[in-house]
Amino acid sequence: MNTQIREFVVNRSDLAQSKWIGREAEVEDGQILVEIEKFAFTANNITYAVAGDMLNYWSFFPAEDGWGKIPVWGFAHVVQSKNKDVAVGERLYGYFPMATHLVMQPEKVTAGGFLDLYKSRRELHPVYNSYTRSQAKAVPHDDLQPILRPLYTTSFLIDDWLADNGFFGAKQALILSASSKTGLGLAFGLHRRRPEGPETIGITSRGNIGFVNGLGFYDRTIAYDDIASLDASVPTLVVDFAGNGEVLAAVHNHFGDKLVESTQVGLSHWDAGRPPSGLPGAKPRFFFAPDQVRKRTNDWGKDGFDKKLEESWNAFAERAGGWLTVEHGKGEDAIARIYAEMRAGRINPAEGHILTF
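Residues numbered from 1 in each chain as written. Predicted model: local features only at pLDDT ≥ 70, side-chain atom pairs only at ≥ 80, totals over all residues. Heavy atoms only, no water.

Quick look at helix H7 (residues 289–320)
To keep it simple, the criterion reads: A helix here means a DSSP run of H or I that spans at least four residues, while a strand means a run of E at least two residues long, and both kinds are numbered starting from the N terminus. Helix span, as expected, comes to 1.5 Å for every residue beyond the first. Bend angle per residue: angle between axes fitted to the 7 residues ending at that residue and the 7 residues starting there. Partly exposed describes any residue whose relative accessible area lies between the buried limit of under 20% and the exposed limit of over 50%, with all areas from a 1.4 Å probe on protein chains only and scaled to the type maximum. Any two residues whose heavy atoms approach within 4.5 Å are treated as being in contact.
Relative to the 46 Å expected for 32 residues at 1.5 Å per residue, H7 spans just 22 Å between its end C-alpha atoms, considerably shorter than the ideal helical length. Remark: the principal bend of H7, roughly 105°, maps to Gly301. The complete set of buried residues in H7 reads Ala289, Pro290, Gln292, Val293, Arg296, Phe305, Leu309, Ser312, Trp313, Phe316, Ala317 and Ala320. The elements touched by buried residues of H7 are helix H2 (126–129), helix H3 (144–164) and helix H4 (181–192).

Considerations on the packing of aromatic side chains
Spelled out, the test is: Working definition: rings of Phe, Tyr and Trp (its six-membered ring) pair if their centres are within 6.5 Å, and the pair is stacked with planes under 30 degrees apart, edge-to-face with planes over 60 apart, and tilted otherwise. Each ring is checked for a lysine NZ or an arginine CZ that lies within 6 Å of its centre and within 35 degrees of its normal; such an atom marks a charge sitting over the ring.
Using the criterion set out here, one finds 30 aromatic pairs in the structure. Aromatic side chains Phe8 and Tyr339 sit 5.3 Å apart centroid to centroid with 70° between the ring planes, which places their arrangement in the edge-to-face category. Residue Phe8 is found in strand E1 (residues 4–11), and its partner Tyr339 is found in helix H8 (residues 332–343); the two are separated by 331 residues along the sequence. Here the two residues Phe8 and Tyr339 agree in accessibility, since each one is buried. A centroid spacing of 5.5 Å and a plane angle of 70° characterise the contact between Phe188 and Phe217, whose relative ring orientation is edge-to-face. Here Phe188, found in helix H4, pairs with Phe217, found in the loop between helix H5 (209–215) and strand E13 (220–223); they are 29 residues apart in sequence, far enough to count as distant. Overall, Phe188 belongs to the buried group, its relative accessible area being 5%. The residue whose ring lies beneath Lys19 is Trp67, and the NZ or CZ to ring-centre distance is 4.2 Å. The aromatic ring of Phe75 is capped on one face by Arg91, whose charged end is 3.9 Å from the ring centroid.

A short note on the confidence of the model for the protein
Convention followed: Scored between 0 and 100, pLDDT is the confidence that the predictor attaches to each residue.
Within the protein, residue pLDDT values average 92, and 96% of them lie at 70 or more. Summarising per-element confidence for the protein, the mean pLDDT is lowest in H2 (83) and highest in strand E12 (residues 199–204) (98).

Some points on the sheet that holds strand E14 (residues 236–240)
Through backbone hydrogen bonds, the strands of a sheet pair up, either in parallel or in antiparallel fashion. Applied cut-off: Whether two strands pair depends on DSSP finding at least two bridges between them. As a rule, the C-alpha atoms of each element are fitted with a line to give its axis, helices using only the stretch in contact, and angles between N-to-C directions run from 0 to 180 degrees.
Here six strands make up an open sheet; going across it, the order is E13-E12-E11-E14-E15-E16 and the pairing parallel. Two strands bound the open sheet, and with one partner strand each, they are E13 and strand E16 (285–286). Where E12 and E13 come together, four bridges link them in parallel fashion. Counterpart to Thr204 in the pairing with E13 is Ala223. Sitting on the sheet, H3 touches E14, strand E15 (259–264) and E16, and the angle it makes with E14 is about 160°.

Notes on the pairing of strand E18 (residues 351–356)
This is how it is decided: A right-handed crossover is one whose linking path, passing over the helix from the first strand to the second, runs clockwise when the strands point away from the viewer.
The pairing of strand E3 (residues 32–40) with E18 spans two bridges and is classified as antiparallel. Following the sheet pairing, Phe39 is matched in E18 by Leu355. Sheet analysis places strand E17 (residues 325–330) next to E18, joined by six bridges and oriented parallel. Each residue of the ladder has a partner; that of Gly329, found in E18, is Leu355. You can see the chain leave E17, run along H8 and come back into E18, and the turn it takes is right-handed.

Observations concerning the packing of H3 against H4
Our working rule: Roughly parallel refers to an angle under 35 degrees, roughly antiparallel to one over 145, roughly perpendicular to one between 65 and 115, and oblique to any angle outside these ranges. Handedness of a helix crossing follows the sense of rotation of the near helix relative to the far helix, less than a right angle counterclockwise being left-handed and clockwise being right-handed.
Packing of H3 against H4 brings their axes to within 8 Å, and their N-to-C directions diverge by 45°. With respect to each other, H3 and H4 are oriented oblique. Note that H3 runs across H4; the crossing there is right-handed. Residue-level contacts link Ile147, Leu148, Leu151, Tyr152, Thr154, Ser155, Ile158, Asp159 and Leu162 of H3 to Lys181, Thr182, Gly185, Leu186, Phe188, Gly189 and Leu190 of H4.

Thoughts on the layout of surface pockets
The condition is simple: The way it works is a 1 Å grid over only the protein atoms, where trapped points that fit a 1.4 Å probe form a cavity and open points with protein on both sides within 12 Å along at least five of seven lines form a pocket, and then any residue with an atom within 4 Å of a point lines it. Grid points are joined across faces, edges and corners, and a volume is the space filled by probe spheres set on the points. Three residue categories are used. Nonpolar comprises Ala, Val, Leu, Ile, Met, Phe, Trp, Tyr, Cys and Pro, charged comprises Asp, Glu, Lys and Arg, and polar comprises the others, including Gly.
The calculated volume of the second largest pocket comes to roughly 330 Å³. As for the second largest pocket, its lining consists of 17 residues, of which Arg23, Val103, Tyr118, Lys119 and Ser120 are closest to the centre. When its residues are assigned to classes, the lining of the second largest pocket shows six nonpolar, three polar and eight charged.

Some points on empty space enclosed by the protein
Applying the stated criterion across every chain, the model contains one cavity of 30 Å³ or more. Counted as a void, the largest cavity has a volume near 40 Å³. In terms of lining residues, the largest cavity is bounded by Ala40, Thr42, Asn44, Asn45, Trp73, Pro146, Ile147, Pro150 and Leu151. In the lining of the largest cavity, the residues fall into six nonpolar, three polar and no charged.

Laid out in structure tokens, this is it:
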């Protein structure tokens, strides 16, 4: 019986345009077909789309010219297998397109997982090509995992990178888009380093200050238009999850040479202008998480890295269960609606979205 794949694609030059397309699955020897069970959609996925060309995100699941498939994190189960090492019925966690199904080519298979080295993904970074095998129908924090864990992994790596570099001498750390889930994860990590680490200051929209303050991760929280109230004589670093050039410029211009590090990560304000060149203080640079994964895997070994990340993730997930409400959406219309709302920035930071077909 032939399987029809339904896929959600967006116009790479105009993300407001999207459509559903269909095609037939073709499974060759050594490959498997998985049915995507559920996936999370967050502002991070909008970042994947906005930075798709710059950071190669469109290459994972290629689409017809001019269109792209936004990667998401989620669970799937194997419905057809022509690979002797992977059985029908297995449950997988990892990186998928917004689609009903995906053809994969498992290689380097172990009891715990494998790399998907399908032809279009063979040369891409293994951080995104690694899939976890699970015989269980559910894992701890089953809904939280696709919503928060990929974001928290980035948070964990930034926190570790900053600490590994002595926080670049900073005495205070600013987090732009403090209510973003990756920002909250970083604040959680920095909070656990207090009092040795820098004071952590969240910067967010005025309407989100109450929510952010209530979590207890930040030492204090201010609104974007209160940046000038901060002490400009203190050595400061900024981690920018917003991607709003005007806000980042305000930070640079306020602190000048006292801004010792300017790290850009996300684009939660994806439609805002980019920062001008020649800003005072440290030159803004993008954080590329796989580089820190590679370094710490060399430092600690893969098992050591996995253990540290798992312990930190479980601690964050336990806290997140108290403030994050998981909303479920089902069907193509619901998926398209959540995409549109996320693009427009109309999502409550205290919500997470799990989508299914």
